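Fold and contact review
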Amino acid sequence: MQKSKWLLGLALSVSVVSFAACGSAEDKPADEQTSAAAEQKQGQDQAQGQGQGKSQEGKPNTDGIPKVVAEVNGKKITKDDFVPLYETQYQQMQMQSQQSGQQVDDKQLKTQTAENLVSTELLSQEADKRGIKVSDKDVDKGLEESAKSSQMSKKDFLAAMKKQGMDEKKVHSELKTQLSIEDLIKDEYGEFKVSGEEIGQAYQQAKTQQEQMAQQGGQQAQEVPPLEKMRPQLEEQVKSQKSTEATQKFAKKLRKQGDVTINL
């Protein structure tokens with residue numbers, strides 16, 4: 001079972017249903033994890049504190065969002081499904097806007113959030129059609145892995161999720177959906193192979209990122225561990241990237257075949 005990078009992404013206030021397009025913390029060197037997590041927390045605190053006139057907590061105005069945001073093959077995606085994800089993505093984009101100086105495109109973000117939810121529903125429905133089941137044991141294991149990757153206890157992890165609008169029952173439900181989608185992609189495409197060349201490219205990319213982060217911080221770049229030491233982590237990273245691309249590709253295919261209406 002793959003690590004639930006999607007759920008971990010939500011805990012870190014990043015795009016949720018992009019299925020770890022940016023990778024998880026385990027895909028990066030340890031010092032980069034620490035730096036990224038610190039910047040993420042600082043930016044999120046600033047976003048919550050300033051709010052750019054939206055609200056005291058930096059949350060967007062969601063009053064105009066319809067009760068039924070979208071319908072996917074007869075299944076309704078409601079405002080209650082939409083708002084937690086939208087608010088999380090909004091705060092992430094707001095953090096980025098403070099660094100780039102560009103304002104959040106509220107309309108585009110709403111559309112992107114709705115599209116992400118539609119893709120998730122299409123994939124979930126396909127998994128159900130194929131009889132793909134995820135056990136409670138798998139869900140519990142995924143939750144433990146997500147908490148560990150976040151350097152939190154399970155209790156603290158669930159508390160952090162609750163602050164973002166997801167109680168324990170919702171977390172289990174969403175994680176179960178994610179794991180079923182991972183199994184669906186395996187069923188459709190099989191196991192992803194990784195070549196030595198791809199690992200080498202990922203290693204060079206990690207070194208470049210390390211150097212860029214050091215330059216931005218005005219510090220000397222720390223030495224990246226030898227390739228052989230990082231090989232297992234890099235292999236998992238490349239597999240994750242391939243799985244992400246396959247997931248997006250398959251979601252587009254299902255979208256063309258499905259009956260989808262978005263009401264935003």
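Here the structure is a predicted model, which is why all the values come from computation and not from measurement.

Turning our eyes to something else, we now look at the environment of D138. For D138, the location among the structural elements is in helix α5 (residues 136-149). Separated by 37 residues in the primary sequence, D138 and L175 place their C-alpha atoms 9.5 Å from one another.

Moving on to the packing of helix α3 (residues 79-100) against helix α4 (residues 106-129). In contact at an axis separation of 10 Å, α3 and α4 are set at 130 degrees when each is read in the N-to-C sense. Taken together, the axis directions place α3 and α4 in an arrangement best described as oblique. Pair α3 / α4 crosses with right-handed handedness. Touching D81, F82, L85, Y86, Q89, Y90 and M93 of α3 are D106, L109, K110, Q112, T113, A114, N116 and L117, all from α4. Residue composition of the contact of α3 with α4, by class: eight nonpolar, four polar and three charged.

Let us look at the sheet that holds strand β3 (residues 260-262). Taken in spatial order, the three strands of this open sheet run β2-β1-β3, and their pairing is antiparallel. Strands with a single pairing partner mark the edges of an open sheet, and in this sheet they are β2 (75-78) and β3. Taken over all neighbouring pairs, the strand axes of this sheet differ in orientation by 20 degrees on average, direction set aside. As paired strands, strand β1 (residues 68-72) and β2 are joined by four bridges and run antiparallel to one another. For V68, the partnering residue across the bridge sits in β2 and is T78.

On to the nonpolar core. Buried together is how nonpolar side chains tend to be arranged in soluble globular proteins. Core analysis: the biggest nonpolar cluster contains 27 residues, and F82 and L123 have the highest contact counts within it. Of all the secondary-structure elements, those providing two or more residues to this core are β1, α3, α4, α7 (168-189) and α9 (227-257). The leading source of residues in this core is α4, at seven residues.

We now examine unusual backbone geometry. If you check the backbone angles, N73 has positive phi at about 50 degrees while not being a glycine. Mapped onto the elements, N73 comes out in the loop between β1 and β2. We classify N73 as partly exposed; its relative accessible area is 38%. At Q151, a residue that is not glycine, the phi angle is positive and equals roughly 55 degrees. Relative to the assigned elements, Q151 resides in the loop between α5 and α6 (154-163). A residue is classified by how much of its surface remains accessible, and Q151, at 72% relative accessible area, is exposed.

Within α6 the residues assigned to the buried category are F157, L158, A160 and M161. Within α6, the buried residues cover an arc of 155 degrees as seen down the axis, which keeps them to one side. Set apart from the buried face of α6 by more than 90 degrees, the exposed residues are K155, K162 and K163. Note on α6: the residue one or two positions beyond its end, G165, has a positive phi of about 90 degrees.

Basis of the calculations
Residues numbered from 1 in each chain as written. Predicted model: local features only at pLDDT ≥ 70, side-chain atom pairs only at ≥ 80, totals over all residues. Heavy atoms only, no water. Helix = DSSP H or I, 4+ residues; strand = E, 2+ residues; numbered from the N terminus. Axes fitted to C-alpha atoms, helices over the stretch in contact; angles between N-to-C directions. Parallel < 35°, antiparallel > 145°, perpendicular 65-115°, else oblique. Left-handed = near helix turned anticlockwise from the far one by under 90°. Contact = heavy atoms within 4.5 Å. Nonpolar A, V, L, I, M, F, W, Y, C, P; charged D, E, K, R; others polar. Pairing = 2+ DSSP bridges. Core = buried A, V, L, I, M, F, W, Y, C linked by side-chain atoms within 4.5 Å. Buried < 20%, exposed > 50% of the residue type's maximum accessible area, 1.4 Å probe, protein only. Arc of directions from axis to C-beta.

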